[in-house]
Amino acid sequence: MSAAEAAAAPRRVVLTGCGALSSVGNGVAEFTAALRAGRVGTGPITVFDTTGFPSGRGHQVHGFDAAARLHRVRPEHTGRATQFAAAAARMALDDAGLDEAWLRERRGTVVVGTTDGEVGELDLLTESALTIGLGAFTGAALGGTATGSLALGVVRELALTNVESSTIATACAAGNYAIGAGFDAVRNGRAEWALVGGADALNRKTFAGFARLGLIAPDECRPFDADRVGLLTGEGAGLLLLETEESALARGAHIYAEVLGYGLNCDAAHPTAPEENSVARCIRLALENASVKPEEVDLISAHGTGTPTNDTTEIAAIRQVYGDEAPRTVGIKAMIGHTMGAASALGAIASALAIRHGFIPPTANHRSTDPECAVDVVPNESVPADVRIVQNNGLAFGGNNAVVLLGRHEDRGHEDRGHEDRGHEDRGHRSRGHESRAHQGHGNESPRGEYVR
Amino acid sequence: MSTAVITAWSAVSPYGTGRAPLAAGLRGRVAPPESAGPEEWTAQPDATARLVPGFEVREALGKAGTRGMDRLTGLTAVTVRELLTHETAALPEGDLGTGVVLGTAAGSAQGFMEFTKASLEGDRPIDVMPSKVPNMAMNRAASASAIRHALKGPNTTVAAGRLSGLIALDQAVRLLAEGRAERVVAGSAEEYSAIRAHLTHAAHGDALVLGEGCVMVLLEPGDTATGRPLAEVLAVHHRVAPQGEFTEVLTAAVRTALAQAGVEAESVWAAVPGEAPGVAGAQERQVHEDLFGPQVRSRAASVALLGETAAATGAYQLAALLSEPGAPGRIALVTATDPDGPVGCAVLRLMTDGEST
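Residues numbered from 1 in each chain as written. Chains lettered and ligands numbered in written order. Predicted model: local features only at pLDDT ≥ 70, side-chain atom pairs only at ≥ 80, totals over all residues. Heavy atoms only, no water.

1. Overview of the UniProt feature "domain: Ketosynthase family 3 (KS3)" (unreviewed entry) in chain A
Mapped onto this structure's residue numbering, the UniProt feature "domain: Ketosynthase family 3 (KS3)" (unreviewed entry) falls at residues 10-408 of chain A. Taken as a whole, residues 10-408 of chain A contains 35% helix and 20% strand, while its terminal C-alpha atoms sit 19 Å from one another. (UniProt positions renumbered as here; feature names shortened; annotations may be inferred. Helix = DSSP H or I, 4+ residues; strand = E, 2+ residues; numbered from the N terminus.)

What follows is the structure, given as structure tokens:
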């Protein structure tokens with residue numbers, strides 16, 4: 001970066017557009033309605049043949065018409081994960097009230113997180129090579145199976161050039177890694193906007209791996225439940241449009257939330273199992289980076305895979321930081337499945353929607369909370385709540401942790417220009433003005449403790 | 001804000017394990033020999049490439065924790081071991097820890113496809129090797145390196161084709177600038193495999209000789225570095241040429257990077273292109289001819305010596321600069337292009353005489 005850029009004061013970064021593809025709905029309106037309703041998107045997987053697997057259930061995206069959603073990227077030449085990333089980016093752009101020309105006039109950054117990239121294309125190539133041999137390898141396959149294809153798909157779809165683009169393959173924490181990269185770039189003036197998030201598509205390879213480890217639930221994913229037995233693989237994309245507060249206010253954009261900060265670390269301990277102290281350390285890094293005290297956090301959107309080990313470890317880490325007064329902690333994977341690299345990006349969007357619309361999405365499929373997960377998981381039904389600050393967790397294989405903090409945007413110096421005057425449906429909560437965050441309680445709307453045995 | 005400095009580097013390359021064989025080979029402008037590829041699914045008996053000689057993961061790293069580990073992870077983990085053993089064994093671990101940023105193209109395509117093959121061909125579709133499951137996360141190489149050396153900082157795996165090494169460098173510099181790590185081990189890696197050979201040959205022609213390997217550098221903040229600075233990272237800038245207009249977009253990227261570094265094109269001592277196959281590489285060479293004289297273009301070794309090294313290329317370009325003798329203070333530049341569109345440039349100030357490596 002140049003000396004001039006380095007000298008500039010850090011800028012506030014806000015989220016003004018969301019694009020979501022998931023098993024419970026495509027587009028931010030459907031996604032919001034589903035989260036509020038506690039809808040569960042489980043169904044039979046049809047994108048690959050699940051014959052012979054113990055279970056063929058998962059969270060597949062339905063009703064995704066790539067040709068209708070994409071203007072430039074040609075679906076027939078493009079893998080499913082890249083299609084998802086490009087379509088969700090366009091959705092986020094539209095949702096932000098922006099167009100391609102606005103992006104092109106400014107330096108930007110595109111960072112897409114993923115676990116598998118275009119492994120689905122490699123699955124198809126494997127089948128093809130087993131059938132026809134080396135003729136399966138065509139000239140387009142190298143680029144079509146490259147992981148960098150996801151971010152490039154966004155760039156191509158929006159016809160951008162003065163943009164830095166990369167795909168982050170930090171497994172199931174990748175969405176938060178991408179959001180963090182975009183946050184830093186915009187905050188420090190390297191970019192005027194960022195399109196960041198994550199995308200992954202269901203594929204045989206990853207399904208077989210989780211099934212082999214016995215981590216796939218036979219019926220539903222039940223985060224934090226005493227009887228949880230595993231996860232359900234899912235697919236989808238979450239893309240977020242970030243820009244400076246100054247830019248958003250100048251153009252009268254509706255602001256979902258402010259990105260307050262984030263933390264990254266690595267357990268450096270075990271290839272697949274999480275480590276409590278290290279997850280707690282990552283939460284503390286994020287809180288410190290965001291200048292947020294634990295008591296100011298109203299909600300945690302947990303990684304919450306529904307596997308026995310993850311949930312126990314994650315809650316123990318949360319309680320290590322928050323003590324017995326942990327904020328309500330929800331696992332939206334019960335509704336949308338484990339969308340891998342998209343998971344923490346969709347979690348961040350859910351967090352922003354909680355702030356914007358004043359409700360807490362539930363932990364669905366819940367029967368009784370595991371005593372080892374002693375927090376209010378907001379079972380089965382969403383609750384209205386005044387949500388000001390949300391912690392969004394992403395934990396990955398390899399001990400990679402990434403935690404993002406989002407907060408309600410406090411329109412300092414613009415008190416008359418609140419969010420509620422911009423024609424959105426939610427009028428269910430009053431602004432709490434500029435009271436200290438520390439004075440906000442966690443609300444009493446939910447049956448706190450009822451499910452904690 | 002201080003800039004980041006490279007205070008150590010190491011490699012596993014077709015010249016052998018460690019920094020010295022690579023530095024000597026590049027300085028001597030001698031291409032490493034070709035050898036036969038591993039016996040694996042789809043391997044052709046007569047296929048050769050510029051492989052890391054005799055590299056076997058479990059021989060290189062020992063038996064502990066390496067069962068099923070893929071070649072890409074092995075190459076990376078050995079490079080990180082060489083880097084930390086020889087240069088920084090006594091470094092204190094600060095609160096933020098040491099980060100890892102690794103550039104890759106697509107993880108281990110061979111490993112992924114063999115896993116799927118096992119699922120398709122087994123008696124049951126879950127008859128895959130459990131020891132291979134950790135490989136299925138594309139961050140295996142970065143996280144396994146962290147596990148082996150207790151590197152508890154941010155741990156990023158970044159994929160951007162042939163830009164991967166350059167972008168890994170950029171991400172590492174940013175992590176340091178933002179105070180998110182005490183130090184960062186950054187670089188990029190590529191494994192040779194039969195599958196990668198088929199994919200590459202189908203895209204760029206059968207004549208292309210593949211290479212493999214990994215180069216990692218240790219980056220520290222300039223004002224708190226404990227190691228002797230070998231190079232200062234002055235600027236990294238990258239863009240995309242989505243329509244294949246590499247000349248125009250790369251020229252803009254180079255000019256922007258030079259401006260951010262505060263140096264003129266005339267003061268560049270050495271310029272090292274990424275040597276991409278096809279039109280991307282041809283246009284990249286044209287940009288270098290337009291901007292730099294023949295001496296500047298030939299001062300450092302060409303990474304073409306190593307064969308087509310895909311995601312590892314950017315890190316090899318850094319190695320070519322760090323290996324080249326000359327007076328401290330030289331300004332050097334690398335560019336990268338990817339046939340799929342990304343282009344970029346990094347500008348460095350070399351602070352070593354290049355001989356002591």
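Having seen the structure, we can now continue with the description.
2. Points about the interface of chain B and chain A
Contacts between chain B and chain A engage 68 residues on the former and 78 residues on the latter. Of the roughly 5,900 Å² buried between chain B and chain A on both sides combined, carbon and sulfur atoms contribute 62%. In this structure, the connection of chain B to chain A is made through four salt bridges. One salt bridge in this structure joins D184 of chain A and R180 of chain B, with 3.0 Å as the shortest N-O distance. Along the contact surface separating chain B from chain A lie 27 residue pairs in polar contact (both at pLDDT 80 or more). Elements represented by at least two residues in the side of chain B that touches chain A include exactly α4 (109-121), α5 (140-149), β6 (155-159), α6 (164-177), α7 (194-204), β9 (231-240) and α8 (246-261) of chain B. The dominant element in the side of chain B that touches chain A, judged by the number of residues it contributes, is α4 of chain B, at nine residues. Both strand β6 (residues 163-168) of chain A and β6 of chain B contribute to a ladder of two bridges, which runs antiparallel. When the sheet's bridge partners are listed, T167 of chain A is paired in β6 of chain B with A159 of chain B. (Contact = heavy atoms within 4.5 Å. Buried area = accessible area lost by both parts, 1.4 Å probe. Salt bridge = Lys/Arg side-chain N within 4 Å of Asp/Glu carboxyl O. Polar contact = N/O pair within 3.5 Å; in protein donor to acceptor, adjacent residues only side chain to side chain. Pairing = 2+ DSSP bridges.)

3. Considering the side chain of E296 of chain A
As for its position among the elements, E296 of chain A is in the loop between α12 (276-289) and β10 (299-301). K293 of chain A provides the closest opposite charge to the buried, unpaired E296 of chain A, separated from it by 4.3 Å. (Buried < 20%, exposed > 50% of the residue type's maximum accessible area, 1.4 Å probe, protein only. Lys, Arg positive; Asp, Glu negative; His and termini not counted.)

4. Things to note about the packing of helix α6 (residues 119-132) of chain A against α4 of chain B
Between α6 of chain A and α4 of chain B, the least distance of the axes is 9 Å, while the angle of their chain directions is 60°. With respect to α4 of chain B, the axis of α6 of chain A lies oblique. Crossing angle aside, the handedness with which α6 of chain A passes α4 of chain B is right-handed. Two secondary-structure elements touch here, α6 of chain A through V119, L122, D123, L125, T126, E127 and L130 of chain A and α4 of chain B through A109, F112, M113, T116, K117, L120 and E121 of chain B. Looking at the contact of α6 of chain A with α4 of chain B, its residues break down into eight nonpolar, two polar and four charged. (Axes fitted to C-alpha atoms, helices over the stretch in contact; angles between N-to-C directions. Parallel < 35°, antiparallel > 145°, perpendicular 65-115°, else oblique. Left-handed = near helix turned anticlockwise from the far one by under 90°. Nonpolar A, V, L, I, M, F, W, Y, C, P; charged D, E, K, R; others polar.)

5. Looking at the side chain of T313 of chain B
All names here are of chain B. By the element assignment, T313 lies in helix α11 (residues 313-323). The class of T313 is buried, set by a relative accessible area of 2%. When residues no more than four places from it in sequence are discounted, the contact partners of T313 are R162, S188, G274 and V303.

6. Here we look at the environment of H77 of chain A
As for its placement among the helices and strands, H77 of chain A is situated in the loop between α3 (66-69) and α4 (80-95). Taking the C-alpha atoms as reference, H77 of chain A lies 9.6 Å from A141 of chain A; in sequence the two are 64 residues apart.

7. Digging into the packing of α4 of chain A against helix α8 (residues 149-157) of chain A
Residue and element names in this part refer to chain A. Where α4 meets α8, the axes come as close as 8 Å, and the angle between the chain directions of the two elements is 45°. Taken together, the axes of α4 and α8 are oblique relative to one another. Crossing angle aside, the handedness with which α4 passes α8 is right-handed. Judged by residue contacts, A81, T82, A85, A86, A89 and R90 of α4 engage S149, L150, G153, V154 and E157 from α8.

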